[in-house]
Amino acid sequence: MIDRRSFGKVLGVGTGAAAALLAGLHTASATTRSASTASAATPTTSTAPAVPATVPGAHPAFPRLKQIKAGLLNVGYAELGPAHGPAVICLHGWPYDIHSYADVAPLLAEEGYRVIVPYLRGHGTTRFLSDRTFRNAQQSVIALDIIALMDALKIEKAVLAGFDWGARTAGIIAALWARRCKALVSVGGYLITDREANLKPLAPEAEHAWWYQYYFATERGRLALEDKSLRHDLTRLVWDTVSPTWEFDDATFERTAAAFDNPDYAAVVIHNYRWRLSLADGERGYDGLEKQLAARPVIGVPAVTLDAGRDPFTAPGDGTAYRDRFVGAYAHRTLPETGHNVPQEAPAAFAQAVIDADRL
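Keep in mind the model is a prediction, meaning the values are calculated, not measured.

1. Thoughts on the overall build of the chain
Each helix and strand in the chain was counted, giving 14 helices and nine strands. Burial status across the chain gives 61% buried among its 360 residues. In the structure as shown, the chain presents an accessible area of about 13700 Å², 54% of it carried by carbon and sulfur atoms.

Okay, here's the thing in C-alpha cells:
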C-alpha cells in the first residue's frame, strides 16, 4: 500500500488545457476561513455567520435515516434541521457515502437549514424500484435522480453542495436546471464530463492518479469490485492515497464501507467510469442532455468553488482552469492541507462555503 503521508500530488500537467481535461475527467488547517484563498476576480466579503470550529468526526453517524420513492429509485437519505428551513442538498462522491456530511449537516442545521443528504444510486439504502431498470450511471441520470428527489420532497429550490460525483451532479443541475438551484458549492470546480475530451491522454503523473478508472475498464476490475473483500481493500487504498493528511480511524472507514454492500454498487460504479471513458453506452433517452453537457454549459447561479490542496485530482492554477465556466456571483477558496473528501476532512470550511454561497 502507498504510504498516505508520502503520497504527494501527482498532477504535473502544467498547461491550462491539460488542467481543464483533468477537471472534466473526475472529479486540519483548512477548517477555518482564514486558511482559504479567494479568487482575485471576486471578493468573498460576506455577512454570513462564522461557522464554529469543529473537530472532524465529532458526529460519527446520523441519528436516523429516511426512505422515499423518487423517480426510478427508493432513496435513502438523512435529514437534519427545521422542516421549513431553506433547503441544502449535500451530495457524496466515490468511494464515499452520506457520512462525508455527518459533521457538516449539524453545523448547517444549527444555522436553520433543512439539510438533505441522500445515498446516490447504488449506495447504502437507496434501491432501484424495478429489477428491469438498467443500472445506468451516466452523469445526466444521476442529476435527474436528485431532481426527482427534490420533487418527491416538495423542494422547489435548494443550495446544492458536493464533491467528486456529487460536485459533478450539483454542477449539472446548476447548469441545466438553474431554477432548481439557489446556489452551488463545488469541490474541484467545474466537473461536468466531456467524453470527447476524456479520450485524450494526460501527463503520465496524472494518468497514474486515475489508476482505478482504468482498472474498472477491465473485466478483472469489475470482478474485484464485486468481491466484498477486494472491494473493501481497494476503496480503503483510494481513501489513503487521495487524503494523505486525514487521520481517520478504521471505524470511520467501516461506517462508509457498509454502503458499498448495496446489491447494485458494482454495476453502478463500473458503468459510471466506463461511460466516462466511452467504453460503455448510456441510454438513448438522455442523449439530448448529454449533448448539452458536452458543450460545457456555463453556470450562472451563485457559486463557491473549493480546491483541496492535498487532493491529487486538484487541477493546478488555483481554479483558473475552470473560472470561465462560472458567470454569476462567485468565490474561490483553496484548502491547502485538505485531501479529496473535503466535507469530512474540513467540515467547518465546507459548511461556511455553503452559507456564503447562499448569501452571494
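After that view of the structure, there is still more to cover.
2. Focus on the environment of proline 336
Along the polypeptide, proline 336 turns up in the loop between strand S9 (330-335) and helix H13 (342-345). Proline 336 sits 26 residues away from arginine 310 along the chain, and the two C-alpha atoms are 6.6 Å apart.

3. Some remarks on helix H4 (residues 165-176)
Here H4 spans 17 Å end to end across 12 residues, near enough to the 16 Å set by a 1.5 Å rise per residue. Those residues of H4 lying buried are Trp165, Gly166, Ala167, Arg168, Thr169, Ala170, Gly171, Ile172, Ile173, Ala174 and Ala175.

4. So, the side chain of asparagine 262
With respect to the helices and strands, asparagine 262 occurs in the loop between helix H10 (250-257) and helix H11 (265-276). Given a relative accessible area of 5%, asparagine 262 falls into the buried group. A polar side-chain atom of asparagine 262 sits 3.4 Å from the main-chain carbonyl oxygen of histidine 123. Excluding its chain neighbours within four sequence positions, the residues that come into contact with asparagine 262 are Gly122, His123, Gly124, Thr126 and Arg127.

5. Side note on the packing of helix H8 (residues 219-226) against helix H9 (residues 228-242)
Between H8 and H9, whose axes approach to 5 Å, the crossing angle comes to 100 degrees. Taken together, the axis directions place H8 and H9 in an arrangement best described as roughly perpendicular. The residues of H9 that touch H8, namely those facing Ala224, Leu225 and Glu226, are Lys228, Leu230 and Arg231.

6. With respect to the packing of aromatic side chains
Inspection of the entire model under this criterion finds 25 aromatic pairs. Pairing tyrosine 190 with phenylalanine 326 gives two aromatic rings, centres 6.3 Å apart and planes at 85 degrees, and the pair type is edge-to-face. Of this pair, tyrosine 190 sits in the loop between strand S7 (181-187) and helix H5 (195-198) while phenylalanine 326 sits in the loop between strand S8 (303-308) and S9; the two residues are 136 residues apart in sequence, bridging distant segments of the chain. The exposure classification of tyrosine 190 matches that of phenylalanine 326, with both residues buried. Consider the rings of tryptophan 211 and tyrosine 215, whose centres lie 6.3 Å apart with planes at 35 degrees: the pair is tilted. Separated by four residues within a single helix, tryptophan 211 and tyrosine 215 lie in helix H7 (residues 211-216), roughly one turn from each other. Under the relative-accessibility criterion, tryptophan 211 is labelled partly exposed at 31%.

7. Digging into the environment of proline 82
The topology assignment puts proline 82 in the loop between strand S2 (73-80) and strand S3 (87-91). On the basis of relative accessibility, which here comes to 37%, the residue proline 82 falls in the partly exposed class. Residues contacting proline 82, with those up to four places away along its chain left out, are Ala109, Gly112, Tyr113 and Arg114.

8. Regarding unusual backbone geometry
Residue proline 95 is bonded to the preceding tryptophan 94 through a cis peptide linkage, with omega at 0 degrees. On the secondary structure map, proline 95 appears in the loop between S3 and helix H2 (104-110). Residue serine 278 is not a glycine yet carries a positive backbone phi of 60 degrees. For serine 278, the position within the fold is in the loop between H11 and helix H12 (287-294). Assessed through its relative accessible area of 35%, serine 278 is described here as partly exposed. In this model, arginine 296 sits at a positive phi of 55 degrees, which is unusual for a non-glycine residue.

9. As for the pattern of salt bridges
Here the idea is simple: oppositely charged side chains can pair when their charged atoms come close. According to the stated counting rule, one finds 18 salt bridges in the structure shown. One salt bridge in this structure joins glutamate 156 and arginine 180, with 4.0 Å as the shortest N-O distance. Here glutamate 156 is found in the loop between helix H3 (139-152) and strand S6 (158-162), whereas its partner arginine 180 is found in the loop between H4 and S7, with 24 residues between them in sequence.

10. Some points on the pairing of S3
Among the five residues in S3, five count as buried, and that is most of the element. The side-chain alternation of S3 yields two buried faces, one formed by Ala87, Ile89 and Leu91 and the other by Val88 and Cys90. Relative to strand S4 (residues 114-118), S3 runs parallel, the two being bridged by three bridges. The partner of alanine 87 across the bridge, within S4, is arginine 114.

11. Focus: H10
Buried within H10 we find Thr252, Phe253, Thr256 and Ala257. Down the axis of H10, the buried side of the element spans an arc of 130 degrees, and every buried residue falls inside it. On its buried side, H10 packs onto H9 and H13.

12. Description of the pairing of S6
Burial analysis of S6 places five of its five residues in the buried class, the great majority of the element. The side-chain alternation of S6 yields two buried faces, one formed by Ala158, Leu160 and Gly162 and the other by Val159 and Ala161. Relative to S6, S3 runs parallel, the two being bridged by four bridges. Looking across to S6, one finds that valine 88 is bridged to valine 159. Relative to S7, S6 runs parallel, the two sharing five bridges.

Reading the values: rules and limits
- Residues numbered from 1 in each chain as written.
- Predicted model: local features only at pLDDT ≥ 70, side-chain atom pairs only at ≥ 80, totals over all residues.
- Heavy atoms only, no water.
- Helix = DSSP H or I, 4+ residues; strand = E, 2+ residues; numbered from the N terminus.
- Buried < 20%, exposed > 50% of the residue type's maximum accessible area, 1.4 Å probe, protein only.
- Areas by Shrake-Rupley, 256 points an atom, 1.4 Å probe, with all protein chains shown as cover.
- Expected span 1.5 Å × (residues − 1).
- Polar contact = N/O pair within 3.5 Å; in protein donor to acceptor, adjacent residues only side chain to side chain.
- Contact = heavy atoms within 4.5 Å.
- Axes fitted to C-alpha atoms, helices over the stretch in contact; angles between N-to-C directions.
- Parallel < 35°, antiparallel > 145°, perpendicular 65-115°, else oblique.
- Phe/Tyr/Trp six-rings, centres within 6.5 Å; stacked < 30°, edge-to-face > 60°.
- Salt bridge = Lys/Arg side-chain N within 4 Å of Asp/Glu carboxyl O.
- Pairing = 2+ DSSP bridges.
- Arc of directions from axis to C-beta.

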